[in-house]
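# Geometric and topological summary
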Amino acid sequence: MNVLNFIEAFFSDSAQWKGYDGIPQRVWEHIQYSAAALAIAAAIGLPIGLVTGHTGRGGNAMAFVAASARALPTFGLLVLMFVWLGLSVLPVMIPLVVLAIPPILITTYEAVRTVDPSPVDAARGMGMSQSQILFQVEVPAALPLIFSGLRSAAIQIVSTATIAAYVSLGGVGRYIVDGLYQRDYEKVVGGATLTAALALLVLVVFWAAGRTAVSPGVRRRGTA
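First things first, this report covers the structure right here in the doc.

Reading the values: rules and limits
Residue indices follow the written sequence of each chain, beginning from 1 at its first position. The model is predicted, so local features are restricted to residues of pLDDT at least 70 and side-chain atom pairs to those at 80 or more, both for listing and for counting; the totals for chains, interfaces and linings are taken over all residues. Side-chain metrics rest on all non-hydrogen atoms present in the structure, leaving aside hydrogens and water. Secondary structure elements are defined from DSSP: runs of H or I of at least 4 residues count as helices, runs of E of at least 2 residues count as strands, and each element is numbered from the N terminus. Accessibility here uses a 1.4 Å probe with only protein chains present; expressed as a share of the type maximum, an area under 20% marks a residue as buried, one over 50% as exposed, and anything in between as partly exposed. Working rule for contacts: check all heavy atoms of both residues, and any pair within 4.5 Å makes them a contact. All accessibility values rest on the Shrake-Rupley procedure with a 1.4 Å probe; residue burial counts only the protein chains present in the view. Whenever a nitrogen or oxygen atom comes within 3.5 Å of another N or O atom, the pair is scored as a polar contact, on the condition that within protein one atom can donate a hydrogen and the other can accept it, and that pairs from neighbouring residues in sequence are kept only if both atoms are in side chains. A helix is expected to span 1.5 Å multiplied by its residue count minus one. Each direction from the helix axis to a C-beta atom contributes to the arc, which is the arc of those directions. To qualify as a nonpolar core, a set must consist of buried Ala, Val, Leu, Ile, Met, Phe, Trp, Tyr and Cys residues joined through side-chain atoms within 4.5 Å.

## Some remarks on the overall build of the chain
Along its length, the chain carries 10 helices and zero strands. Ordered by position in the sequence, the α and β elements of the chain form the string α-α-α-α-α-α-α-α-α-α. Along the three orthogonal principal directions, the C-alpha set of the chain runs to about 65 × 40 × 25 Å. Residue burial in the chain is summarised as follows: out of 224 residues, 45% are buried. Considering only contacts in the chain between residues 6 or more positions apart, those separated by 24 or more positions represent 75%. Accessible surface, the chain: about 11900 Å² in total, of which carbon and sulfur atoms supply 66%.

What follows is the structure, given as structure tokens:
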């Protein structure tokens, strides 16, 4: 059987759409893990990136920390956290958050630093406070690049959240791990297909969010 046959056999099996191991349940678990990790990473990375980008201070230290986080092996960190913390969602969240923070942090910093200085200088001349300059001038102009960092982080999380299955949790990675153990390659290919589909869904969601949140004028400048 080729890959297309495996995909057809997996998704056409009605048993795959029911129960605790059904596709809807596993996809929902995967989305929950991914959304939680992205929210935590954004809550950490966005404020630091915005402040350092606005002030221009701490950029080198931030780049060092982000590079160090990128160098950490995700699966190795998962195993270490599992041994240390035991069976729970937390050992999965930690490596996913560590994976997602660097693209959010670095991209947000660069987005703010590369904003055209002319409107920033004009805002200072009008007597706007630093927070007003940041949130009313710099952030709106930097949104396209900020969204690209969040999108990159989300795709990495969705693609990597399959590791949850290695510590007996759920998500679509359950099909890959169980399929390899059982030598059921329909499950393996089905799980991989679901992971790819979720990554594509992330692209669509962020494209729609960008069209909604970013002003048309900023979008036109970004594509000019």
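## Description of the side chain of T52
Counting through the fold element by element, T52 comes out in helix α2 (residues 23–55). The exposure class assigned to T52 is buried, which follows from its relative accessible area of 11%. Only 3.3 Å separates the side chain of T52 from the backbone oxygen of G49, close enough to count as a polar contact. Ignoring sequence-local partners within four residues, the contact set of T52 consists of R57, M62, Y109 and R113.

## As for helix α4 (residues 74–85)
Taking 1.5 Å of rise per residue, 12 residues should cover 16 Å, and α4 covers 16 Å from first to last C-alpha, within 8% of that figure. Listing the buried residues of α4 in full gives T74, L77, L78 and M81. Across the axial projection of α4, the buried residues extend over an arc of 105°, all falling on one side. Away from its buried face by more than 90 degrees, α4 exposes L80 and V83. G86 lies just past α4 and shows a positive phi near 85°.

## Comments concerning the nonpolar core
Formed by 52 residues in total, the largest nonpolar core has its most connected members in L38, V92, L96, I104, L194 and F206. Counting only elements with at least two residues in this core, the list comes to α2, α3 (59–71), α5 (90–113), α6 (117–125), α7 (130–160) and α9 (185–213). Element by element, the count of residues in this core is highest for α7, at 13 residues. If we ignore the near neighbours within four places in the chain, the residues touching L38 are I104, L150, A153, A154, I157 and F206.

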